[in-house]
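What follows is the residue order along each chain.
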Amino acid sequence: MDPATIEALGKAGGAAALGLAAVGSSIGAGLAGSSAIGAWKKCYAQSKAAPFILITFIGAPLSQTIYGMILMGWMVDVAKSPAAAQNWATMLIGGIFGGLGISVSAWFQGYAGAAGADALAETGQGFGNYLMTLGVIETVALFVLVFIRSSFMS
């Protein structure tokens, strides 16, 4: 295979990592955002102060897009190197599955953020616990980022 095709396939893996991570971030932010809007509505209906801190739950899944971008950057660097000739398939497949792993982390972080937004608006308590839950789910994305990089981009 010619070097330009090998480089393009390696870069396609990076694009897949970023694109899929962004899909998960969008879904997760949408889930948490919908719940936060509903929680704010309940607060307004009860003449309670609507907690602005719910925005934390909405924004939490966005960091996975950054992880996808970091992974893409690493993959683009490798795609330009002589090592790409041996790694293009691994990069393409790694980008797809790495992006999926990061994406699902963001998606489920959105589910947990939705529950946290509802609970916090109703009780006014537990923010730290809810945030720690989001952190545990985010750790999966960080593991994927680090393990994909270490598997073929040394």
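Here, the structure is the one placed above.
Colleague: I would appreciate a short explanation of the overall build of the chain in the present structure.
Modeller: The helix and strand inventory of the chain stands at five helices and zero strands. For the chain, the N- to C-terminal ordering of α and β elements is α-α-α-α-α. A compact globule built from 154 residues would reach a C-alpha radius of gyration of about 15 Å, whereas the chain, at 19 Å, exceeds it by more than 25%. On the principal axes, the C-alpha backbone points of the chain span a range of 65 × 20 × 15 Å. Evaluated residue by residue, the chain yields a buried proportion of 39% over its 154 residues. When the accessible area of the chain is evaluated, it comes to approximately 7700 Å², of which 72% is carbon and sulfur surface. Distance between charge centroids for the chain: 8 Å, based on 6 positive and 6 negative side chains.

Colleague: Can you help me understand the environment of E138 in this one?
Modeller: Mapping E138 onto the fold places it in helix α5 (residues 127-152). Using a relative accessible area of 13% as the deciding quantity, one classes E138 as buried. Along the primary structure E138 and G33 are separated by 105 residues, whereas in three dimensions their C-alpha atoms are 17 Å apart. Leaving out residues up to four positions away in the same chain, E138 has contacts with A60, S63, Q64, Y67, S105 and Q109. Reaching out from E138, the side chain makes a polar contact with the side chain of S63 at a distance of 2.5 Å.

Colleague: Quick question: what am I supposed to make of the nonpolar core here?
Modeller: Nonpolar side chains in soluble globular proteins tend to be buried together. Residues Y67, L71, M75, M91 and I102 are the most contacted members of the largest nonpolar core, which totals 13 residues. Listed by contribution, the elements that provide at least two residues to this core are α1 (3-45), α3 (63-79), α4 (84-123) and α5. Sort the elements by how many residues they give to this core and α3 lands first, with five residues. Residues W40, I58, A60 and L120 belong to the second largest nonpolar core, which totals twelve residues.

Colleague: Quick question: what am I supposed to make of the side chain of S35 here?
Modeller: Along the polypeptide, S35 turns up in helix α1. A polar atom in the side chain of S35 sits 2.7 Å from the backbone oxygen of A114. Leaving out residues up to four positions away in the same chain, S35 has contacts with A114, A117 and D118.

Colleague: Please explain unusual backbone geometry as it appears in this structure.
Modeller: Most peptide bonds take the trans form, and the phi angle of most residues other than glycine is negative. If you check the backbone angles, S47 has positive phi at about 55° while not being a glycine. In this structure, S47 sits in the loop between α1 and α2 (55-59).

Colleague: I would appreciate a short explanation of the packing of aromatic side chains in the present structure.
Modeller: One pair of aromatic rings is described through two measures. These are the centre distance and the angle between the planes. Within this structure, the stated rule accounts for four aromatic pairs. Residues F143 and F147 carry aromatic rings whose centres are separated by 5.6 Å and whose planes lie at 15° to one another, so their mutual orientation is stacked. Residue F143 and its partner F147 are located together in helix α5, separated by four residues, close to a single helical turn. Taking the relative accessible area as the measure of exposure, F143 reaches 46% and is therefore partly exposed. Classification of F147 by relative accessible area gives exposed; the value is 52%. Among the aromatic residues, those joined into a ring-pair cluster are F57, F127 and Y130.

Procedures and definitions
Residues numbered from 1 in each chain as written. Predicted model: local features only at pLDDT ≥ 70, side-chain atom pairs only at ≥ 80, totals over all residues. Heavy atoms only, no water. Helix = DSSP H or I, 4+ residues; strand = E, 2+ residues; numbered from the N terminus. Rg over C-alpha atoms; globule rule 2.2 N^0.38 Å. Buried < 20%, exposed > 50% of the residue type's maximum accessible area, 1.4 Å probe, protein only. Areas by Shrake-Rupley, 256 points an atom, 1.4 Å probe, with all protein chains shown as cover. Lys, Arg positive; Asp, Glu negative; His and termini not counted. Charge placed at Lys NZ, Arg CZ, Asp CG, Glu CD. Contact = heavy atoms within 4.5 Å. Polar contact = N/O pair within 3.5 Å; in protein donor to acceptor, adjacent residues only side chain to side chain. Core = buried A, V, L, I, M, F, W, Y, C linked by side-chain atoms within 4.5 Å. Phe/Tyr/Trp six-rings, centres within 6.5 Å; stacked < 30°, edge-to-face > 60°.

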